[in-house]
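So you can see what is in the structure, the chains are spelled out below.
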Amino acid sequence: MSKRLPRRGNHQPDMFAANFADIPIRDQRDTMERPFFSLAKRPRFAPIEYRVGDVWVEVSANPKFGIATIWDADILIWASTQITEALDRGVSANRVVHFHPHHLLRSIRRPTGGEHYLRLRAALDRLTHTAVRTNIRTDGKKKAASFHWLESWTEVTDEKTGETTGMTLTLPDWLFDGILMKGGVLTIHEDYFLLTGGIERWLYRVARKHAGQQEGGWQFTMRQLHEKSGSASRLSDFAIDVRKVVEANSLPEYSAMLHKNDEGEEVIHFLKRDLLALDDPNYATPRHPRRRIARGITSKSFNFNDVAN
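First things first, this report covers the structure right here in the doc. The structure displayed is predicted, hence computed values, not measured ones. (Residues numbered from 1 in each chain as written. Predicted model: local features only at pLDDT ≥ 70, side-chain atom pairs only at ≥ 80, totals over all residues. Heavy atoms only, no water.)

### Let's talk about the overall build of the protein
Step number 1: Helices and strands together make up the secondary structure of the protein, namely nine helices and 12 strands.
Step number 2: Here the protein holds 309 residues, and 49% of them are scored as buried.
Step number 3: Within the protein, contacts between residues at least 6 apart in sequence are counted, and of these 65% link residues at least 24 apart. (Helix = DSSP H or I, 4+ residues; strand = E, 2+ residues; numbered from the N terminus. Buried < 20%, exposed > 50% of the residue type's maximum accessible area, 1.4 Å probe, protein only. Contact = heavy atoms within 4.5 Å.)

Structural data, given as structure tokens:
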């Protein structure tokens, strides 16, 4: 769609909020495979330093808040979806996104009790105070971008009741520009928000980014994945966690398989489930484009083996 209106502006329609039950969920593709977020639920303060070839990423923690986690990144996915959907509808959007926390939490499939409002505020603080430096998306030029995942966030409460009446978040230029660029976002499966493990979530994003709809899928050695993940775990411990994900067969849309290459290295092969043989127990039919209307957002893909049994 060519509805990319002026990429910056000073106005966004009041409280525009697309309903996640009716629209595809978008993730900014540059954030999907590099080690931008902590994969652990416990606070991480050690920096993330990644360099492969000419590409490098550095992520630093604020000593009070720690590095933003891959669960915190759900907020950025939500914002990417709101901005992209607004533009697709011909509505201008800018870096400042207005929302109510109840709507955001429901959209990323989380409970909406008081405890979860506190967790949301903590996530917003980590995103605001995590410092990122990278040369990704510099078109071969010797320059780098430096930013925080959020420039700021605000909350307005009712003086009498103390209840939140609205919030805003402001995205950095690097992320906002990445959302607007051609091919800058990828649609992800709504069940991504239900994945509980950090490595599990990261593996899905890697599979979606690289395997996509490719007939042969995509393969990485365990060492390559460990390096790309930024995980603070040792390679041996990381490998154990990856094997558990493969055994659980829990990734939406994608099947993950393990084998050894000619050098004896462990390799993980990601393949779209609808590209598997029909009699493969991991096969699943493609999702219908109108599934949210026809069958509901949480409806599973059909499995011919289940039907046959």
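Having seen it, we continue.
### Things to note about the layout of surface pockets
Empty space among the atoms becomes visible once a probe the size of a water molecule is rolled across them.
Step number 1: Here the second largest pocket is characterised by a volume of approximately 510 Å³.
Step number 2: If you go around the second largest pocket, you meet 23 residues; those closest to its centre are K41, W71, D72, R110 and R119.
Step number 3: Residue classes in the lining of the second largest pocket are distributed as 10 nonpolar, three polar and 10 charged. (1 Å grid on protein atoms, 1.4 Å probe; cavity = no way out; pocket = protein on both sides within 12 Å on 5 of 7 lines; lining within 4 Å. Points joined across faces, edges and corners; volume = space filled by probe spheres on them. Nonpolar A, V, L, I, M, F, W, Y, C, P; charged D, E, K, R; others polar.)

### So, the pattern of salt bridges
Step number 1: Applying the stated criterion to the full structure yields 19 salt bridges.
Step number 2: With a closest N to O distance of 3.3 Å, R95 and D173 form a salt bridge. Of this pair, R95 sits in the loop between α1 (73-88) and β4 (96-99) while D173 sits in helix α4 (residues 173-180), placing them 78 residues apart in sequence.
Step number 3: When its relative accessible area of 33% is taken as the criterion, D173 is described as partly exposed.
Step number 4: Across the pair D237 and R234 runs a salt bridge, and its minimum N-O distance is 3.1 Å.
Step number 5: A single network of salt bridges, built from pairs that share partners, joins R26, E85, D88 and R89. (Salt bridge = Lys/Arg side-chain N within 4 Å of Asp/Glu carboxyl O.)

### Some words on empty space enclosed by the protein
Step number 1: All told, the structure shown has three cavities of 30 Å³ or more when counted by the stated rule.
Step number 2: Its boundaries defined by the atoms lining it, the largest cavity holds a volume of some 50 Å³.
Step number 3: D27, Q28, T31, F37, A73, L76, I77, S80, L175 and R205 together form the lining of the largest cavity.
Step number 4: At the level of elements, β1 (25-28) and α1 are the ones that each hand at least two residues to the lining of the largest cavity.
Step number 5: Sort the elements by how many residues they give to the lining of the largest cavity and α1 lands first, with four residues.
Step number 6: In terms of residue class, the lining of the largest cavity is built from five nonpolar, three polar and two charged.

### What about the packing of α1 against α4?
Step number 1: Relative orientation of the contacting elements α1 and α4 amounts to 45 degrees, with a least axis distance of 10 Å. The angle between the axes of α1 and α4 places the two elements in the oblique class. α4 is crossed by α1, and the crossing has right-handed handedness. Touching L76, S80, I83, T84 and L87 of α1 are L175, F176, I179 and L180, all from α4. (Axes fitted to C-alpha atoms, helices over the stretch in contact; angles between N-to-C directions. Parallel < 35°, antiparallel > 145°, perpendicular 65-115°, else oblique. Left-handed = near helix turned anticlockwise from the far one by under 90°.)

### Remarks on the sheet that holds β4
Step number 1: Strand order in the open sheet formed by three strands is β4-β8-β7, with antiparallel pairing between adjacent strands. Of all the strands in the sheet, the pair left with one neighbour each is β4 and β7 (152-157). Each strand axis lies, on average, 15 degrees off the axis of its neighbour in the sheet, ignoring direction.
Step number 2: Along the sheet, α1 makes contact with β4 and β8 (164-170), crossing β4 at roughly 100 degrees.
Step number 3: Most of the contacts of helix α3 (residues 114-129) go to β7, to which it runs at about 150 degrees, and overall it touches β7 and β8. (Pairing = 2+ DSSP bridges.)

### Here's the deal with the side chain of H210
Step number 1: Along the polypeptide, H210 turns up in helix α5 (residues 198-210).
Step number 2: A relative accessible area of 16% places H210 in the buried class.
Step number 3: In this view, H210 contacts E33, W218, F220 and K228; residues no more than four positions away in its chain are not counted.

### Considerations on unusual backbone geometry
Step number 1: Positive phi is not limited to glycine here, since N249 has a value of about 55 degrees.
Step number 2: If you trace the backbone, N249 turns up in the loop between α7 (235-248) and β11 (254-260).
Step number 3: The phi torsion at E253 lies on the positive side, around 70 degrees, for a residue other than glycine.
Step number 4: Locating E253 in the fold gives a position in the loop between α7 and β11.

### Details of the environment of Q214
Step number 1: Note that Q214 resides in the loop between α5 and β10 (218-221).
Step number 2: For Q214, a relative accessible area of 36% corresponds to the partly exposed category.
Step number 3: Ignoring sequence-local partners within four residues, the contact set of Q214 consists of L271 and L275.

Treat this as a map of the structure, not an account of what it does.
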